[in-house]
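Survey of secondary and tertiary structure
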Amino acid sequence: GAGVSQSPSNKVTEKGKDVELRCDPISGHTALYWYRQSLGQGLEFLIYFQGNSAPDKSGLPSDRFSAERTGGSVSTLTIQRTQQEDSAVYLCASSLGPSGGGGYQETQYFGPGTRLLVL
Amino acid sequence: RKEVEQDPGPFNVPEGATVAFNCTYSNSASQSFFWYRQDCRKEPKLLMSVYSSGNEDGRFTAQLNRASQYISLLIRDSKLSDSATYLCVVVVREAGTALIFGKGTTLSVSS
């Protein structure tokens, strides 16, 4: 079956421009996550969606970053007025989310990422 | 103190060697633990979950010590294809369900 897909795979932009990154989670996965990974660094959590709501936005680094999710499926991460320090790989992951028995299906499946370079 | 700490390596070992990676976590409320593998310029992929009783999957063995807040991964009979970065991952319920990643330990297996 189809995995998590992200687009574009690569994006080069000029400082100060806005960019929009897209994530298509695995069908049926209610939980969606955005992370970023800078060169030589670990993964940094940005935001988590359960359905269309975002109970945890604690990782967004500044108010230039925003994300939305519609229809419980596709999500977009928008970075306004990009800065050079925004250059990184932006990874999206999805998981099944809450299970019927009250548990939580935690295994997260990652997309291939969007490599963003801000010049 | 970082939430999840790993020795970054690199660990350079010959084929057939046994290698062990360690990871410590700071939040005692951590509830779930995983090892992910990340190949160069690829996304992370789940390698295995880590349980208190320890678990084994082929050549890979994971152990959890809650008292010491310590996780380990043992790889036996290393293969060239094991070369990758191994990420220690922790889930803390009170922090939502986002995964907290260590920075990873790089393994290079040579012939």
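Keep in mind that what you see is a predicted model, and the values were worked out from it rather than measured.

The rules behind the values
Residues numbered from 1 in each chain as written. Chains lettered and ligands numbered in written order. Predicted model: local features only at pLDDT ≥ 70, side-chain atom pairs only at ≥ 80, totals over all residues. Heavy atoms only, no water. Helix = DSSP H or I, 4+ residues; strand = E, 2+ residues; numbered from the N terminus. Rg over C-alpha atoms; globule rule 2.2 N^0.38 Å. Buried < 20%, exposed > 50% of the residue type's maximum accessible area, 1.4 Å probe, protein only. Contact = heavy atoms within 4.5 Å. Areas by Shrake-Rupley, 256 points an atom, 1.4 Å probe, with all protein chains shown as cover. Lys, Arg positive; Asp, Glu negative; His and termini not counted. Charge placed at Lys NZ, Arg CZ, Asp CG, Glu CD. Buried area = accessible area lost by both parts, 1.4 Å probe. Salt bridge = Lys/Arg side-chain N within 4 Å of Asp/Glu carboxyl O. pLDDT = per-residue confidence, 0-100. Core = buried A, V, L, I, M, F, W, Y, C linked by side-chain atoms within 4.5 Å.

1. Points about the overall build of chain B
Regarding its fold elements, chain B presents zero helices and 12 strands. When the helices and strands of chain B are read in sequence order from the N terminus, they spell out β-β-β-β-β-β-β-β-β-β-β-β. On C-alpha atoms alone, chain B measures out to a radius of gyration of 13 Å, which is about the 13 Å that the 2.2 N^0.38 rule sets for 111 residues. Taken along the three principal axes of its C-alpha coordinates, chain B extends 45 × 30 × 20 Å. The 111 residues of chain B split such that 47% are buried. Residue pairs in contact within chain B that sit at least 24 positions apart in sequence constitute 57% of those at least 6 positions apart. Of the roughly 5400 Å² of accessible surface on chain B, a fraction of 47% belongs to carbon and sulfur atoms. Considering chain B, the positive charge centre built from 12 side chains and the negative charge centre built from 11 side chains are found 3 Å apart.

2. A word on the interface of chain A and chain B
Chain A puts 18 residues into the contact, and the matching count from chain B is 20 residues. Across the chain A/chain B interface, buried area totals approximately 1500 Å², and carbon plus sulfur atoms make up 52% of it. Taken together, the connections running from chain A to chain B amount to zero salt bridges. Put simply, the parts of the chain that give the side of chain A that touches chain B at least two residues each are strand 4 (31-37) and strand 5 (43-50) of chain A.

3. Points about the confidence of the model for chain A
The predicted model of chain A has a mean per-residue pLDDT of 90, with 92% of residues at 70 or higher. The least confident element of chain A is strand 11 (residues 104-105) of chain A, whose mean pLDDT is 60; the most confident is strand 3 (residues 19-24) of chain A, at 98.

4. So, the nonpolar core
Residues Phe21, Trp35, Ile71, Leu73, Ile75, Tyr86 and Leu107 of chain B are the most contacted members of the largest nonpolar core, which totals 25 residues. Elements supplying a minimum of two residues to this core: strand 3 (19-25), strand 4 (30-38), strand 5 (45-50), strand 7 (60-65), strand 8 (70-75), strand 9 (84-92) and strand 12 (105-110) of chain B. For this core, the leading source of residues is strand 9 of chain B, giving five residues. If sequence neighbours within four positions are ignored, Leu107 of chain B has contacts with Phe11, Val13, Val19, Phe21, Ile75, Asp82, Ser83, Ala84 and Tyr86 of chain B. Core analysis: the next-biggest nonpolar cluster, separate from the first, contains 19 residues, Val4, Val19, Ile47 and Leu60 of chain A among them.

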